[in-house]
Amino acid sequence: MTAPLALVHLAVLLASPPLLLGIVARTRSLWAGRKGPRLLQGYADLARLLRKEPVLGQATTAVFRLGPLVLLASTAVSGLMVPLLGGAAPVSFPFDFVVVAYLWGLGRLGLVLAALDTGSSFEGLGASREATYAALAEPTLFLALGTLAAATGQSSFADLVRLGHRGPAEALVALGSLVSLLVVLQVEAARVPIDDPATHLELTMIHEVLVLDHAGPELAAVQYATAMKFTLLAAVVGALARPALPALPALDGLPRGAATAAATLALAALVAVVVGTVESLVARLKLAAVPAYVAAGAAAALAALLATAWRQGGAP
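Given the structure is predicted, the values throughout are model-derived calculations rather than measurements. (Residues numbered from 1 in each chain as written. Predicted model: local features only at pLDDT ≥ 70, side-chain atom pairs only at ≥ 80, totals over all residues. Heavy atoms only, no water.)

S.K.: I'm lost on the overall build of the protein in this one. Help?
M.R.: Check the secondary structure of the protein and you find twelve helices and zero strands. Element order for the protein, N to C, with α for helix and β for strand: α-α-α-α-α-α-α-α-α-α-α-α. On C-alpha atoms alone, the protein measures out to a radius of gyration of 19 Å, which is about the 20 Å that the 2.2 N^0.38 rule sets for 316 residues. When the backbone C-alpha atoms are referred to their principal axes, the protein occupies close to 65 × 45 × 40 Å. Classification of the 316 residues of the protein by burial places 47% in the buried group. Considering only intrachain contacts with a sequence separation of at least 6, the fraction spanning at least 24 residues in the protein is 80%. Summed over all atoms, the accessible surface of the protein reaches about 14,000 Å², with 69% contributed by carbon and sulfur. Of note, the protein has its 20 positive side-chain charges centred 8 Å away from the centre of its 18 negative side-chain charges. (Helix = DSSP H or I, 4+ residues; strand = E, 2+ residues; numbered from the N terminus. Rg over C-alpha atoms; globule rule 2.2 N^0.38 Å. Buried < 20%, exposed > 50% of the residue type's maximum accessible area, 1.4 Å probe, protein only. Contact = heavy atoms within 4.5 Å. Areas by Shrake-Rupley, 256 points an atom, 1.4 Å probe, with all protein chains shown as cover. Lys, Arg positive; Asp, Glu negative; His and termini not counted. Charge placed at Lys NZ, Arg CZ, Asp CG, Glu CD.)

S.K.: Is there a simple way to think about the packing of aromatic side chains in this case?
M.R.: Aromatic rings considered in pairs are described by the distance between their centres and by the relative angle of their planes. Scanning all chains against the criterion turns up two aromatic pairs. Ring geometry for Phe95 and Phe97: centres 6.2 Å apart, planes at 55 degrees, overall tilted. Relative accessible area serves as the criterion here: at 6%, Phe97 is assigned to the buried category. With a centroid separation of 6.1 Å and 55 degrees between ring planes, the pair formed by Tyr102 and Phe142 is classed as tilted. With Tyr102 in helix α5 (residues 96–117) and Phe142 in helix α6 (residues 121–152), this pair connects stretches of sequence that are 40 residues apart. (Phe/Tyr/Trp six-rings, centres within 6.5 Å; stacked < 30°, edge-to-face > 60°.)

S.K.: Please explain unusual backbone geometry as it appears in this structure.
M.R.: Most peptide bonds take the trans configuration, and most residues that are not glycine carry a negative phi. For the bond from Val192 to Pro193, the omega torsion is 10 degrees, close enough to zero to count as cis. In this fold, Pro193 is placed in the loop between α8 (168–188) and α9 (207–210). A positive phi angle, close to 60 degrees, is found at Phe95, a residue other than glycine. With respect to the secondary-structure elements, Phe95 resides in the loop between α4 (62–79) and α5. Phe95 gets classed as partly exposed once you look at its relative accessible area, which sits at 49%. Even without being a glycine, Ala190 presents a positive backbone phi close to 55 degrees. By secondary structure assignment, the location of Ala190 is in the loop between α8 and α9.

S.K.: Please clarify how a nonpolar patch on the surface should be interpreted in this entry.
M.R.: On the surface, Val63, Leu106, Leu109, Leu113 and Leu116 cluster together to form a nonpolar patch covering roughly 410 Å² of accessible area. Ranked by residue count, the leading element in the nonpolar patch is α5, at four residues. Assignment of secondary structure puts Leu116 in helix α5. (Patch = residues over 30% accessible without salt bridge, like charges linked within 9 Å, V, L, I, M, F, W, Y side chains within 5 Å. Salt bridge = Lys/Arg side-chain N within 4 Å of Asp/Glu carboxyl O.)

Laid out in structure tokens, this is it:
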């Protein structure tokens, strides 16, 4: 990746997460017949939290304050390896997608330990649920990315998303991977139908339980990291879907890297619209039904793996 494109990658990584969540919120408002918050409301919310003083419980230790920082740092570092602009990434090496998955796991571990550090049984319940859902989603993520590695014959994250749609087998691989990654996005970003970030019902709270005692800059770090993870997964989905688009004449005059980046970011915004539409039209699942939903995403990844075998066996 060239230096100018790497700077653009870093700028998009740091600046776009609140905007994408703003698109989700605006989409939900439009479906409900309301004007809703402005697209840039997320930036104002983060600024408001940064101005507040954190409130610490008497039972908490340094682990409580380190949890959000570990989550934010691990997510930001993983963003340097994810092809956010649809092409190369600033940091790329063989099997870097495994490192990305483990960095997300490290961030989740930091948040879970911070919740347990409060000594609250309620936050302990949320930590248990978060760990359970992560144990369901991570195999789906590895199966989807491993399938893309087998289909492309490549091992770096930036190369995995370059799968073309030249035949029915490749189209099936891309479709199955897209479905599975959308499920992973809903789990990792705590979105409906897996979780509802706006819920206040104690018996159904999952991700929000973990941050009940966080306030001020620490809560801002958690919300920003979650939005960043949403952005990264939306960009991966957009990069996989991009080859299915017809040629865009408006991008013909741009350099190849800039055209790819523009198309990928536009598709990432479209993913945010799709997520907002799903959240508006689909009820949140009962906790007992979530494993079956995640298993459906794993089944889609398995179908993509079978399509990969079909393609390598001589399908057009």
